[in-house]
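What follows is the residue order along each chain.
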Amino acid sequence: MSTVCDNYRRVRETVDAAAAAAGRKKEEILLLAVSKTWPVTDIRALYDMGVRDFGENRMQELEEKAPALPPDIVWHFIGSLQSNKIRKAVKLASVIHSVENVSAVERLDRICGEEGRRVKFLLEVNVSGEASKSGVPADDFMPLARAAAQCRNAVFSGLMTMAPLGASRETLDAVFGGLASLRDRAEKELAVSLPLLSMGMSGDFENAISHGSTIVRIGTAIFGRR
Ligand SMILES: *Cc1c(COP(=O)(O)O)cnc(C)c1O
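Residues numbered from 1 in each chain as written. Predicted model: local features only at pLDDT ≥ 70, side-chain atom pairs only at ≥ 80, totals over all residues. Heavy atoms only, no water.

Undergrad: Any chance you could explain the pattern of salt bridges here in plain terms?
TA: Throughout the structure, instances matching the rule amount to 17 salt bridges. Among the salt bridges present, the one from Arg-146 reaches Glu-189, with a minimum N-O distance of 3.8 Å. Pair noted here: Arg-146 is in helix H6 (residues 141–149) and Glu-189 is in helix H7 (residues 169–190), with a separation of 43 residues, a long-range link. The exposure class of Glu-189 is partly exposed, given its relative accessible area of 45%. Several salt bridges share partner residues, and in doing so they unite Glu-56, Arg-58, Glu-61 and Lys-65 into one network. (Salt bridge = Lys/Arg side-chain N within 4 Å of Asp/Glu carboxyl O. Helix = DSSP H or I, 4+ residues; strand = E, 2+ residues; numbered from the N terminus. Buried < 20%, exposed > 50% of the residue type's maximum accessible area, 1.4 Å probe, protein only.)

Undergrad: Quick question: what am I supposed to make of the site of the ligand here?
TA: In the vicinity of the ligand, the contacting residues are Val-34, Lys-36, Ile-78, Met-160, Met-162, Met-201, Ser-202, Arg-217, Ile-218, Gly-219, Thr-220 and Arg-226. The contact in question runs from an oxygen atom of the ligand to an N or O atom on the side chain of Arg-226, over 2.8 Å. Residues that form the shell around the ligand fall into these classes: six nonpolar, three polar and three charged. (Near = heavy atom within 4 Å. Polar contact = N/O pair within 3.5 Å; in protein donor to acceptor, adjacent residues only side chain to side chain. Nonpolar A, V, L, I, M, F, W, Y, C, P; charged D, E, K, R; others polar.)

Undergrad: Even after reading the chapter, I still don't get the environment of Gly-116, so can you show me in this structure?
TA: Residue placement: Gly-116 occurs in the loop between helix H5 (102–115) and strand S5 (120–126). Separated by 38 residues in the primary sequence, Gly-116 and Ala-154 place their C-alpha atoms 9.7 Å from one another.

Undergrad: Can you walk me through the side chain of Arg-183 in this structure?
TA: Relative to the helices and strands, Arg-183 resides in helix H7. Setting aside its immediate chain neighbours within four residues, Arg-183 contacts Leu-159, Leu-194, Pro-195 and Leu-197. (Contact = heavy atoms within 4.5 Å.)

Undergrad: Explanation requested: the environment of Ala-20 in the structure shown.
TA: Structurally, Ala-20 is set in helix H1 (residues 2–21). Placed 190 residues apart in sequence, Ala-20 and Ser-210 show a C-alpha to C-alpha distance of 9.5 Å.

Undergrad: Sorry, what's going on with the side chain of Glu-56 here?
TA: Summarising the element assignment, Glu-56 is placed in strand S2 (residues 53–56). What makes Glu-56 buried here is its relative accessible area of 0%. Here the side chain of Glu-56 touches Ser-35 through a polar contact of 2.7 Å, side chain to side chain. Every residue in contact with Glu-56, bar those within four places of it in the chain, is listed here: Ser-35, Lys-36, Ile-43, Glu-61, Leu-62, Lys-65, Trp-75, His-76, Phe-77, Ile-78 and Gly-79.

Undergrad: Please explain unusual backbone geometry as it appears in this structure.
TA: Leave glycine aside and you will find that most residues have negative phi; peptide bonds, for their part, are mostly trans. Phi is positive for Thr-37, which is not a glycine, with a value near 75°. A positive phi angle is found at Ala-191, which is not glycine, with a value near 50°. Locating Ala-191 in the fold gives a position in the loop between H7 and strand S8 (196–198). Taking relative accessible area as the criterion, Ala-191 reaches 68% and is therefore assigned exposed.

Undergrad: Any chance you could explain the pairing of S5 here in plain terms?
TA: Remark: a regular strand shows side chains that alternate across the two faces of the sheet. With six of its seven residues buried, S5 lies for the most part within the structure. Here three bridges tie strand S4 (residues 95–99) to S5, and the two strands are oriented parallel to one another. Across the sheet, the residue bridging to Val-99 is Leu-123, located in S5. Relative to strand S6 (residues 136–137), S5 runs parallel, the two sharing two bridges. The partner of Asn-126 across the bridge, within S6, is Pro-137. (Pairing = 2+ DSSP bridges.)

Undergrad: How should I be thinking about the nonpolar core in this particular structure?
TA: In terms of nonpolar packing, the biggest core is built from 69 residues, with Leu-46, Ile-96, Phe-121, Leu-123 and Phe-141 touching the most fellow members. Considering every element that reaches this core, the biggest residue donor is H7, with eight residues. Apart from residues no more than four positions distant in its own chain, Ile-96 is found in contact with Phe-77, Leu-81, Ala-89, Leu-108, Val-119, Lys-120, Phe-121 and Leu-122. In terms of nonpolar packing, the next biggest core, distinct from the first, is built from seven residues, Leu-32, Val-34, Leu-196 and Ile-215 among them. (Core = buried A, V, L, I, M, F, W, Y, C linked by side-chain atoms within 4.5 Å.)

Undergrad: Just checking my understanding: could you explain the packing of H6 against H7 for this structure?
TA: Relative orientation and spacing of two packed helices are given, respectively, by the angle between their axes and the distance between those axes. Axis separation between H6 and H7 bottoms out at 11 Å; the angle between their running directions is 50°. Relative to H7, the element H6 lies oblique. At the point where H6 passes H7, the crossing takes the right-handed sense. Here Phe-141, Met-142, Ala-145, Arg-146 and Ala-149 of H6 lie close against H7, whose contacting residues are Leu-182, Arg-185, Ala-186, Glu-189 and Leu-190. (Axes fitted to C-alpha atoms, helices over the stretch in contact; angles between N-to-C directions. Parallel < 35°, antiparallel > 145°, perpendicular 65-115°, else oblique. Left-handed = near helix turned anticlockwise from the far one by under 90°.)

Remember that the coordinates give geometry; whether it matters functionally is a separate question.
And the structure:
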């Protein structure tokens, strides 16, 4: 149990060092503990040392874990968002990282209104263009961002992406730098504030931080191999 805490502290130190190397403040980077597949006892150990933000990628798992843990945990939903699961996401999560089409945006906004919840959401962008990756293609991003900016209940807060596994430095620069550019463009053209850039996982978070990541989503480096 203490290993996850030790791992978390070690990753946090690496995040802070990467922030310093990029001339950024460590306080602006959230280390999101991606607890998918791991038991509530591991989450509880991190909670007891002060960690509050956890990420899950399956609604059923989130539904099982959330009631078994303290109510002040900030749950982030990072998995593929099926339309029939959006109400559950709204009830359980504070931040949804994985909105990727206009119908999900509209449904999310309507349900947030019905439930009286101002959930933050990010648009997931497939910057790398890999066929296997989820997210809106970069070419279709601006129309989706325009729809997201119309929301009255759900809060359009930023962008999310995943880089290809084991990508080269050049590819990481293109993917993470590309997401930051799309964010800058949307902020300018739509006159909105999009403070959240969710990018970087166990294998690539230092590069993501150099490109402005404000949420690194870390599973393996904290909890171990799934
Ligand atoms: C599992 C997962 C992560 C964490 O990946 P690690 O490589 O284990 O750190 C991050 N983001 C998403 C969307 C995931 O599904």
